[in-house]
Amino acid sequence: MNTRSMIFTLYGDYISHYGSKIWIGSLIKLLSEFGHNDQSVRAAISRMNKQGWVSAEKIGNKSYYSLTPRGQKRIEEAAKRIFKLKPEEWDGKWRILMYTIPEEIRNVRDELRKELVWSGFGSMSSSCWISANNLEKQVFDLIEKYEIADYVDFFIARYAGPHKNIEIVEKSWNLTEINERYQEFISEYSQKYIIDKNKIQKGNMTNAECFVERTKLVHEYRKFLFVDPGLPEELLPDKWLGSHAAALFSEYYKELAEPASRFFESVFKEGNELKNRDADYDALNHPYMVE
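Residues numbered from 1 in each chain as written. Predicted model: local features only at pLDDT ≥ 70, side-chain atom pairs only at ≥ 80, totals over all residues. Heavy atoms only, no water.

J.: Would you take a moment to explain the packing of aromatic side chains for this structure?
T.: Aromatic ring pairs are reported here in terms of the distance separating the ring centres and the angle at which the planes meet. Within this structure, the stated rule accounts for 20 aromatic pairs. Relative to Trp53, the ring of Phe8 lies with its centre 5.4 Å away and its plane at 80°, an arrangement referred to as edge-to-face. Of this pair, Phe8 sits in helix H1 (residues 3–13) while Trp53 is found in the loop between helix H3 (38–50) and strand E2 (54–59), placing the two residues 45 residues apart along the sequence. With centroids separated by 5.2 Å and ring planes inclined at 20°, the aromatic side chains of Phe264 and Phe268 adopt a geometry described as stacked. With Phe264 and Phe268 both in helix H10 (residues 242–268) and 4 residues apart, the pair spans about one turn of that helix. Taking relative accessible area as the criterion, Phe268 reaches 1% and is therefore assigned buried. Pairwise contacts between aromatic rings join Tyr182, Phe185, Tyr189, Tyr193, Tyr221, Phe224, Trp240, Phe249, Tyr252 and Tyr253 into one cluster. Seen from the ring of Trp23, Lys62 lies directly overhead, with NZ or CZ sitting 4.4 Å from the centre. (Phe/Tyr/Trp six-rings, centres within 6.5 Å; stacked < 30°, edge-to-face > 60°. Helix = DSSP H or I, 4+ residues; strand = E, 2+ residues; numbered from the N terminus. Buried < 20%, exposed > 50% of the residue type's maximum accessible area, 1.4 Å probe, protein only. Lys NZ or Arg CZ within 6 Å of the ring centre and 35° of its normal.)

Right under this line is the structure:
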């Protein structure tokens, strides 16, 4: 698993609840559980620092890395989507972003497309993106971030035909492919869940092993942020597997949560402040876990 991507997972599922700051030594030790070495961790966190996701701080002879406001915002947005276990109700409106970004700043256009996909927008055409979700704030944040106000138009509208809303969905997303990805996740992780649940109940699974499996679970499940637009239930096919996958993820996560957190804290307490843990944080009742 990519070291940088794993660091994002650790920040999202653990470090962000403990003051969003960690000593590099603790980060290296945590990632060694997955086979990442000292050099790869330092290179990855340095890259994240240059990209503006984390900031570096030297205290004595120790280096610490904290989420920047940008990093914290992205982590919170991701967590709310990861732990949202059921689709939201639809207000019947489409959010439509259209742009004509000049070729000379094509890099901006490419980055914008990545951000739109991550946010859950689908492409009806090369420069027309739509979403059924309330993403007004995200859209205007992107317009400001990339300084593209001169090149975009944003609409909130109802579809008046001549086709049905579900046909708009079929034009903009490949739900069959997404459903197949969910089936693969369910097939693999339903078996793993049963095996690990039995191990934990019999005392045959260490805290460290639970930490590894919980992190891998979140790491794998969060990949759906890049493929599943999180459509309202009214726009989903009858045999949609997203809710099944979400329920499996939730049950497996809760089974691993406490022992995994114990291992994390046993490593984190060296060189860091456990007192910075969020007062309302409970691994069994995740703050973003919305039924």
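After presenting the structure, the write-up continues.
J.: In this structure, what is going on with the packing of helix H4 (residues 69–82) against helix H5 (residues 106–119)? I would like to understand it.
T.: Axes are the key here: two packed helices are described by the angle between their axes and the distance separating the axes. Running from N to C, H4 and H5 point in directions that differ by 35°, and their axes come no closer than 11 Å. Packed against H4, whose contacting residues are Arg74, Glu77, Ala78 and Arg81, the element H5 presents Glu115, Trp118 and Ser119 at the interface. Looking at the contact of H4 with H5, its residues break down into 2 nonpolar, 1 polar and 4 charged. (Axes fitted to C-alpha atoms, helices over the stretch in contact; angles between N-to-C directions. Contact = heavy atoms within 4.5 Å. Nonpolar A, V, L, I, M, F, W, Y, C, P; charged D, E, K, R; others polar.)

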